[in-house]
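# Structure assessment
Each chain, written out:
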Amino acid sequence: MDDKYTKLFDSGKWMIRTSDNGKSYQGFPWQPIGEWTIAPDWNDQPECGGGLHGQNNTAFGFCYIAGQRLELCETKDTPIAIDGNKVKCHEAKIIAVDEDIPIEFLEAIGLKFKGRPSLNPLTSVGGNLYVHAKANLPALTSVGGDLHVDAKADLPALTSVGEDLYVHAKADLPSLTSVGGVKGRYVHGKFVKEELIK
């Protein structure tokens, strides 16, 4: 890792996030790569909402797939931890995407890859995974925590989910053999337990 990234990593003023080419949850548009984005609803409370969200080495495990692009963001100030599994900040800028992100940042939040970093070679998520945008994760084999599927997801190699599995949308899970907790899907807004979801 070159010096500029080492300094950023050590400063703690960074986070990893995903987007749909710069659009985050609920379509919020970020500025182009290298330009600062400001949260219009900022508050400094350690709770969801009121900021720009991601994960860093102080709080991770809430892996949220908002699109197919991984992003490394520099933050103006040290991000505020929320529930020990995500962070938020007032201002941030995207400084690297996908394979340009030094692997040390991704490994620090529990992500493992087969080859260069992007979502396609993602093999393991140590905590929870939330799929809220159409996702193709062909190499993903395990999720250590909960898996929530809220959008069409192709997960052909996924064999195990450590905790609960919630399916709200069409999901391709042909290799799934183990779920540590509750398995089920939402049908017309009501949760229905299932023995095995295929």
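Below you will find a few notes about this structure. (Residues numbered from 1 in each chain as written. Predicted model: local features only at pLDDT ≥ 70, side-chain atom pairs only at ≥ 80, totals over all residues. Heavy atoms only, no water.)

### Re the overall build of the protein chain
Which entries qualify depends on this criterion: Helical segments are the DSSP runs of H or I of at least four residues, strand segments are the runs of E of at least two, and each set is numbered from the N terminus. Buried residues are those whose accessible area, probed at 1.4 Å on protein chains only, stays under 20% of the maximum for their type, while exposed residues exceed 50% and partly exposed ones sit between those limits. Residue contacts are defined here by distance: any two heavy atoms, one from each residue, within 4.5 Å place the two residues in contact. Here the Shrake-Rupley method, with its probe set to 1.4 Å, supplies the accessible areas, and only the displayed protein chains count as covering residues.
The secondary structure content of the protein chain amounts to two helices and 21 strands. Taken across its 198 residues, the protein chain has 48% of its residues classed as buried. Sequence-distant contacts in the protein chain: of pairs separated by 6 or more residues, those separated by 24 or more amount to 47%. Entry remark: accessible area of the protein chain is about 9,500 Å², with carbon and sulfur atoms responsible for 49%.

### Brief notes about the sheet that holds strand E5 (residues 69-75)
The line we're drawing: At least two bridges found by DSSP between two strands are what make those strands a pair. Axis lines are fitted through C-alpha atoms, for helices just across the contact stretch, and the angle between N-to-C directions can take any value from 0 to 180 degrees.
Ordered in space as E1-E5-E8-E2, the four strands form an open sheet in which the pairing is antiparallel. Where the open sheet ends on each side, the last strands, each with one partner, are strand E1 (14-19) and strand E2 (36-38). If you compare each strand with its neighbour and ignore which way they point, the axes differ by 40 degrees on average. Bridging between E1 and E5 involves six bridges; their strand directions are antiparallel. Residue pairing across strands places Thr 18 opposite Leu 70, the latter belonging to E5.

### A closer look at the sheet that holds strand E15 (residues 153-154)
Pairing is parallel in the open sheet, where three strands are placed in the order E12-E15-E18. Unpaired on one side and paired on the other, strand E12 (135-136) and strand E18 (171-172) mark the two borders of the sheet. Here E12 pairs with E15 via two bridges, running parallel. Following the sheet pairing, Ala 135 is matched in E15 by Ala 153.

### Here's the deal with the pairing of E5
When you tally the buried positions in E5, you get six out of seven residues, the bulk of the element. As paired strands, E5 and strand E8 (residues 91-97) are joined by five bridges and run antiparallel to one another. Note on E8: the bridge partner recorded for Glu 74 is Lys 93.

### As for the environment of Ser 178
Within the secondary structure, Ser 178 sits in strand E19 (residues 178-179). The sequence separation of Ser 178 and Glu 163 amounts to 15 residues, and the corresponding C-alpha distance is 9.5 Å. Contacts of Ser 178, omitting those with residues within four sequence positions, involve Thr 159, Ser 160 and Val 161.

### Structural notes on the pattern of salt bridges
What counts, and what does not: Whenever Lys or Arg places a side-chain nitrogen within 4 Å of a carboxyl oxygen from Asp or Glu, that contact is recorded as a salt bridge.
Evaluated as defined, the whole model comprises three salt bridges. Between Glu 71 and Arg 17 there is a salt bridge whose closest N-O contact spans 2.2 Å. Of this pair, Glu 71 sits in strand E5 while Arg 17 is found in strand E1, placing the two residues 54 residues apart along the sequence. On the basis of relative accessible area, Glu 71 is assigned to the buried category, the value being 0%. According to the relative accessible area criterion, Arg 17 is buried, its value standing at 6%. Two residues, Glu 91 and Lys 76, come together in a salt bridge whose shortest N-O distance is 3.2 Å.

### A word on the environment of Ser 142
Relative to the elements of secondary structure, Ser 142 occurs in strand E13 (residues 142-143). A residue is classified by how much of its surface remains accessible, and Ser 142, at 21% relative accessible area, is partly exposed. When the C-alpha atoms of Ser 142 and Thr 123 are compared, they prove to be 6.9 Å apart, with 19 residues separating the residues in sequence. The contact partners of Ser 142, leaving out residues within four places of it in the chain, are Thr 123, Ser 124, Val 125, Leu 158 and Ser 160.

### Describing helix H1 (residues 3-11)
Put simply, the test is: The directions from the helix axis to the C-beta atoms form the arc being described.
Buried within H1 we find Tyr 5, Leu 8 and Phe 9. Along H1, the residues classed as buried sweep out an arc of 100 degrees about the axis, all on the same side. Of the exposed residues in H1, the ones pointing more than 90 degrees away from its buried face are Asp 3, Lys 7 and Asp 10. In the core, the buried residues of H1 are packed alongside E1, E5, E8 and helix H2 (103-107).

Function cannot be read off these values alone, since they describe shape.
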